[in-house]
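Fold and contact review
Take a look at the letters that make up each chain.
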Amino acid sequence: MTAVELLEFARGPALWASLAVLVAGSLWRIAGILRLGSKPDLSEPRSTRLLAGAMRGILARMIPRREFRDRGQLGVWNAYAYHVGLAVIVFGYLPHIHFVERLTGLAWPPLPGPVLYPFVGLTFVSLFIALMERLTDPVRRLLSGFDDYFSWFVVLLPLATGMIAIHQSYAPGAAPAPPLDPLPLAIHLLSVELLFLWLPFGKLAHAFLVFASRAVTGAALARRGAPL
Amino acid sequence: MSERARMVLDSVKAPDARRAAREFVAQAGRDAAFQLESCVHCGQCADACHFHRVSGDPRHTPIYKLQPMLKAYEREAAPFASVRKLLGLAPPEVTAEELHEWSELVYDSCNLCGRCTLVCPMGIDIAGLVRLAREGMAAGGFAPPDLYKAAERALDTGSPIGLRWPALKRQIELQEQETGLRVPVDAEGAEYLVVLTSIEIMGFAEIIGALARIFRQAGASWTIPSAGFEATNVGVQMGSREVAAELLSRIVAAAERLKVKCVISPECGHAYSALRWEGPNLLGRRYGFEVVQIAELLDRFVREGRLRLRGKDARRLTFHDPCQLVRRGGITEAPRRLMDGVSANQVEMPGSGAASFCCGGGGGVSAIHRAEGLRFAAFECKKQQIEATGAEALVTACGNCRNVLEEAIDHYGMTLPVLGLTELVAQYLEPETREG
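Parameters at a glance
Residues numbered from 1 in each chain as written. Chains lettered and ligands numbered in written order. Predicted model: local features only at pLDDT ≥ 70, side-chain atom pairs only at ≥ 80, totals over all residues. Contact = placed C-beta atoms within 7 Å. Helix = DSSP H or I, 4+ residues; strand = E, 2+ residues; numbered from the N terminus. Nonpolar A, V, L, I, M, F, W, Y, C, P; charged D, E, K, R; others polar. Domains from an automatic or database assignment. Axes fitted to C-alpha atoms, helices over the stretch in contact; angles between N-to-C directions. Parallel < 35°, antiparallel > 145°, perpendicular 65-115°, else oblique. Left-handed = near helix turned anticlockwise from the far one by under 90°. Pairing = 2+ DSSP bridges. Right-handed = clockwise from strand over helix to strand, strands pointing away. Expected span 1.5 Å × (residues − 1). Buried ≥ 20, exposed ≤ 12 C-beta atoms within 10 Å, placed from the backbone. Arc of directions from axis to C-beta.

1. Re the interface of chain A and chain B
Contacts between the two partners involve 44 residues from chain A and, on the opposite side, 47 residues from chain B. Of all elements in the fold, only α2 (13-34), α7 (138-143) and α10 (206-224) of chain A reach the threshold of two or more residues within the side of chain A that touches chain B. Here the side of chain A that touches chain B is built from residues that sort into 18 nonpolar, 13 polar and 13 charged.

Written out as structure tokens, the structure is:
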């Protein structure tokens, strides 16, 4: 298989297959949890504004409570760093916007390179800090297993391969033609597809499960009038 | 129901890991599953837990305490369980050795205080999940023996320490002599039914006299039942819904027999959780009466002008928040308004209210003898919060907290009286005139 053929494979069947697994796997996971069902809470609620509680639960947990900011804040700030960094890279880099445009027809203005490139560096460094913390902190080391480390790896891989493919040039405003050397891009795309394949099954599923978990607790605590 | 409750207690004679695993899976409903699946192993709950803070033992990380339940869930009920089994990737079955080890983690080193729940960035109600995990542990026979014994005594006598009606009757008579007020017993049609905990009855019986004075000034009818007077629910602490429901049904039966409008949950955090939040779900039906925690009732009476306070305690007082009332029950402001009414010099602990540390004895830990050393060690966090205030006396609204705090204060050689909020309020009631 030539590099061009590999790129065609990554842009074609591999992409669609991985997206299908991403969507089907995520739906399966959510449906598998929903089918477990729940019993109605018969206690008299202090508040019936459960939807508001769920929304508050989702939003409030984005920022740690003041009372808990007295220790161990490196992990918290570092998590902000790589989450924000990844979001900026995924949604602000022109080739990624082209990629989304090709799939959905949606496009938006990209961030300029001088703004975006520092985020690449920041994200790369903070992912390694996250790994170091996981390996050196006794609590995180005890809690962590294959899922945690593999999830870290499949997030880092697209970033690393993307950095190799970063110097490809693309004409603005339209989906680009294959670059002169298609191999780095093919590998980058395949690494993204590995992430798509893994996301529904491992810890990366927190990308969607977090909303359900926070909402469930937010509603339950709101029902009792307890602090969120 | 009673037979089913006794069957649970028999499980301790022949611990069975598979029975525990089945119960873990049965407890993992939709909401619990969303939470079990969401953990990203960030470890923030460890820093929130007073047991981990003092021991530094990573096994005391709250989410780690759920490992056996998570394993059973992932093996049997999680969305990809069957595929993982087919591929040989399912977690192994939980073993008896594992559950014996986790008994210390799920019981001795967890007060169900909910501080971990509050800190979790994924919104996982870790304390709620530990409460569910205890159902599996208790069903399998892996709860601490002290809790099985307390449950057995509670089923036999009505009280976890074996206290029966004659003992309460004697305390009531003493309080009637002390206050010169009558304490109504089994008064049908009373507005309020007061239930008590064994700790209050034996350790802080003055609360009965305090209640008599409070209800007289408020002009409210009340009664104590001769059967179903015990509010302590060891079933909730050990994690047996059968035992919990049986004990709870006795209070509900008393309330229905005496046709009261409202049951007053006493100064006890977990009793409030059991009666107010878990009760209707344990019994499978809604109550025909209201449940109000005593601090809420006193606050209501004061705001309605039915209780008139005069004078204030001049000492530097600080209020210890019982976890089940604040973090798990939503009662934060009522005790503070009451404190404002009776204290001229109230000072808040750092992190008071939502982030207050547990006394160390909640969630049944105070009843587990083998956990005593760990409980005293965990008190170090509370001690620091208390000492930061320079308080001359500590006030709380939970008899168990009060007892545990007194023991710990004594253990650390501190000199700090611990007061009950209800008694403090009664102490500052405007004196009744002869005509009144």
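2. Some remarks on the domain arrangement of chain B
Residue and element names in this part refer to chain B. Domain annotation of chain B identifies domain 1 (17-140), domain 2 (159-303) and domain 3 (317-427). Each of domain 1 and domain 2 has a C-alpha centre, and the two are 33 Å apart. Taken together, the 5 residues of domain 1 in the interface contact 4 residues of domain 2. Considered class by class, the residues forming the side of domain 1 that touches domain 2 number 2 nonpolar, no polar and 3 charged.

3. Side note on the packing of helix α8 (residues 146-164) of chain A against helix α9 (residues 182-198) of chain A
All names here are of chain A. Remark: α8 packs on α9, axes separated minimally by 8 Å, with the N-to-C direction vectors making an angle of 160°. The angle between the axes of α8 and α9 places the two elements in the roughly antiparallel class. As for how α8 packs across α9, the hand of that crossing is left-handed. Note on element contacts: α9 touches α8 through Pro184, Ile187, His188, Ser191, Val192, Leu194, Leu195 and Trp198, opposite Phe150, Ser151, Val154, Val155, Leu157, Pro158, Thr161, Gly162 and Ile164. Broken down by class, the residue content of the contact of α8 with α9 amounts to 12 nonpolar, 5 polar and no charged.

4. Details of the pairing of strand β3 (residues 262-265) of chain B
Residue and element names in this part refer to chain B. Pairing geometry for strand β1 (residues 192-194) and β3, over 3 bridges, is parallel. Following the sheet pairing, leucine 193 is matched in β3 by valine 263. With 4 bridges connecting them, β3 and strand β4 (residues 290-293) associate as parallel partners. Its bridge partner being in β4, isoleucine 264 is matched across the sheet by valine 292. Handedness of the crossover is the feature at issue here: the chain leaves β3, passes through helix α17 (residues 269-283), returns alongside β4, and the resulting connection is right-handed.

5. Notes on the sheet that holds strand β7 (residues 418-420) of chain B
Residues and elements named next belong to chain B. The strand order across the open sheet formed by 3 strands is β5-β6-β7, and the pairing between neighbours is parallel. Only two strands of the sheet have a single neighbouring strand rather than two, namely β5 (317-320) and β7. Taking the axes of each pair of neighbouring strands and ignoring which way they run, one obtains an average angle of 35° across the sheet. Pairing of strand β6 (residues 393-396) with β7, which is carried by 3 bridges, proceeds in the parallel orientation. The residue of β7 that forms the bridge with leucine 394 is valine 418.

6. Digging into helix α12 (residues 165-179) of chain B
All names here are of chain B. Compared with an ideal rise of 1.5 Å per residue, which puts 15 residues at 21 Å, α12 spans 21 Å between its outermost C-alpha atoms and is within 8% of the ideal. Buried residues of α12: Leu168, Gln171 and Ile172, and no others. For α12, the buried positions fall inside an angular range of 105° around the axis, keeping them on one side. When the buried face of α12 is taken as reference, the exposed residues oriented beyond 90 degrees from it are Pro166, Arg170, Glu173 and Gln177. Structurally, α12 contributes buried residues whose contacts are with α13 (198-203) and α14 (206-218). After α12 finishes, the residue glycine 180 shows a positive phi value of roughly 70°.

7. Some points on the packing of helix α18 (residues 294-303) of chain B against helix α20 (residues 333-342) of chain B
Residues and elements named next belong to chain B. In the contact formed by α18 and α20, the axes pass within 8 Å of each other and the chain directions differ by 55°. When the interaxial angle is binned, α18 and α20 end up oblique. The two elements α18 and α20 meet at a crossing, and its hand is left-handed. Together, Ala295, Glu296, Leu298, Asp299 and Val302 of α18 and Ala334, Pro335, Arg337, Leu338 and Gly341 of α20 make up the contact between the two elements. Here the contact of α18 with α20 is composed, by residue class, of 6 nonpolar, 1 polar and 3 charged.

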